[in-house]
Amino acid sequence: MRAILIAIAAAAGLAACSSTPEDEQSPAAVEERQQGAPGSAATTQPVKPGSVARVDLTAGKTPARAPHTDPGNILSRRSIYYDLDQYTVKDQYRELVEAHAKYLRANPQLKMLVQGHTDERGSREYNIGLGQRRSDGVKKMMTLLGAREDQIESVSLGEEKPADPGHDEAAWSKNRRSDILYSGEF
């Protein structure tokens with residue numbers, strides 16, 4: 001008799017384990033609540049699937065500017081000016097050159113072109129040489145400050161691209177310069 005009871009209990013246990021799985025639950029309903037008049041209860045209405053609005057968190061925002069194109073950043077200043085027949089970077093431009101060198105160090109994928117310019121006085125050959133010494137001087141200073149040499153190219157444009165086409169000291173002082181350009185700008 002005892003064996004029969006054990007067999008019945010075992011059969012009942014196996015029957016409970018062999019039940020079929022229930023269907024998946026349907027998703028919970030979403031309700032839209034609207035505030036009623038003061039003192040009254042809120043009313044609810046079901047929201048139809050797919051009617052929930054998407055939110056674009058980037059809408060209306062301008063993308064962040066690169067530091068070298070942000071007018072409020074020192075990196076947006078790109079010209080270094082020289083005295084007549086000089087190619088050493090003046091003390092007043094050292095902070096600017098240091099900032100560009102630091103930016104290149106922090107962004108090893110960036111490339112830069114330094115263009116050396118002169119005013120119209122002097123022979124073409126002299127001006128090409130002076131413009132090259134100016135751009136090489138900026139490049140050397142940046143590499144000494146940690147920028148990689150392969151990130152910076154230096155060229156001379158001599159008197160070919162004046163910033164000011166005038167023929168007086170005010171114009172010439174604007175033309176004696178080195179200009180810094182980043183990838184995509186040259």
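Structure first, text after, so check above.
Quick caveat, the model's predicted, so the values are computed rather than measured.

S.K.: Describe the overall build of the protein, listing the residues and the values that go with them.
M.R.: Within the protein one finds 4 helices and 6 strands. Taken across its 186 residues, the protein has 26% of its residues classed as buried. Residue pairs in contact within the protein that sit at least 24 positions apart in sequence constitute 65% of those at least 6 positions apart. With the model as given, the accessible surface of the protein reaches about 13,000 Å², and the carbon-plus-sulfur share is 55%.

S.K.: I'd like a description of the pattern of salt bridges, backed by residues and values.
M.R.: Throughout the structure, instances matching the rule amount to 11 salt bridges. The closest approach of N and O atoms between E169 and R121, which form a salt bridge, is 3.7 Å. Pair noted here: E169 is in helix α4 (residues 169–175) and R121 is in the loop between β4 (112–117) and α3 (124–144), with a separation of 48 residues, a long-range link. For E169, a relative accessible area of 41% corresponds to the partly exposed category. Given a relative accessible area of 29%, R121 falls into the partly exposed group.

S.K.: Please give an account of the environment of N127 that cites residues and values.
M.R.: With respect to the helices, strands and loops of the structure, N127 is situated in helix α3. Here N127 falls in the buried class, since its relative accessible area comes to 2%. Separated by 29 residues in sequence, N127 and S156 place their C-alpha atoms 8.5 Å apart. If sequence neighbours within four positions are ignored, N127 has contacts with T118, D119, E120, R121, G122, S156, G158 and E159.

S.K.: Break down the packing of helix α2 (residues 94–106) against α3 for me, with residues and values.
M.R.: As a packed pair, α2 and α3 sit with axes 9 Å apart at the nearest point and diverge in direction by 60 degrees. Between α2 and α3, the crossing angle belongs to the class labelled oblique. Classified by chirality, the crossing of α3 by α2 is right-handed. Contacts between α2 and α3 involve R94, V97, H100, A101 and L104 from the first element and V138, M141 and M142 from the second. Each residue belonging to the contact of α2 with α3 can be placed in one class, and the counts come to 6 nonpolar, 1 polar and 1 charged.

S.K.: Summarise the environment of L157; cite the residues concerned and give the values.
M.R.: With respect to the secondary-structure elements, L157 resides in strand β5 (residues 152–158). Along the sequence, L157 and Q132 sit 25 residues apart, while their C-alpha atoms lie 7.9 Å from each other.

S.K.: Give a detailed account of the packing of aromatic side chains, specifying residues and quantitative values.
M.R.: Considering all chains together, one arrives at 2 aromatic pairs under this definition. Geometrically, the ring pair formed by Y81 and Y93 is tilted, given 6.3 Å between the ring centres and 55 degrees between the ring planes. Here Y81 is found in strand β3 (residues 79–81), whereas its partner Y93 is found in the loop between β3 and α2, with 12 residues between them in sequence. Here Y103 and Y182 contribute two aromatic rings whose centre-to-centre distance is 5.7 Å and whose plane-to-plane angle is 80 degrees, an arrangement assigned as edge-to-face. Of the two residues, Y103 is situated in helix α2 and Y182 in strand β6 (residues 177–182); the sequence distance between them amounts to 79 residues. Each member of the pair, Y103 together with Y182, is buried.

S.K.: Could you give an account of the pairing of β5, with specific residues and numbers?
M.R.: Side chains I152, S154, S156 and G158 of β5 all project onto a buried face; the interleaved residues E153, V155 and L157 project onto a face where none is buried. Alignment of β4 against β5, held across 6 bridges, turns out to be parallel. Its bridge partner being in β5, G116 is matched across the sheet by S156. For the crossover from β4 across α3 to β5, the handedness is right-handed.

Rules of the game
Residues numbered from 1 in each chain as written. Predicted model: local features only at pLDDT ≥ 70, side-chain atom pairs only at ≥ 80, totals over all residues. Heavy atoms only, no water. Helix = DSSP H or I, 4+ residues; strand = E, 2+ residues; numbered from the N terminus. Buried < 20%, exposed > 50% of the residue type's maximum accessible area, 1.4 Å probe, protein only. Contact = heavy atoms within 4.5 Å. Areas by Shrake-Rupley, 256 points an atom, 1.4 Å probe, with all protein chains shown as cover. Salt bridge = Lys/Arg side-chain N within 4 Å of Asp/Glu carboxyl O. Axes fitted to C-alpha atoms, helices over the stretch in contact; angles between N-to-C directions. Parallel < 35°, antiparallel > 145°, perpendicular 65-115°, else oblique. Left-handed = near helix turned anticlockwise from the far one by under 90°. Nonpolar A, V, L, I, M, F, W, Y, C, P; charged D, E, K, R; others polar. Phe/Tyr/Trp six-rings, centres within 6.5 Å; stacked < 30°, edge-to-face > 60°. Pairing = 2+ DSSP bridges. Right-handed = clockwise from strand over helix to strand, strands pointing away.

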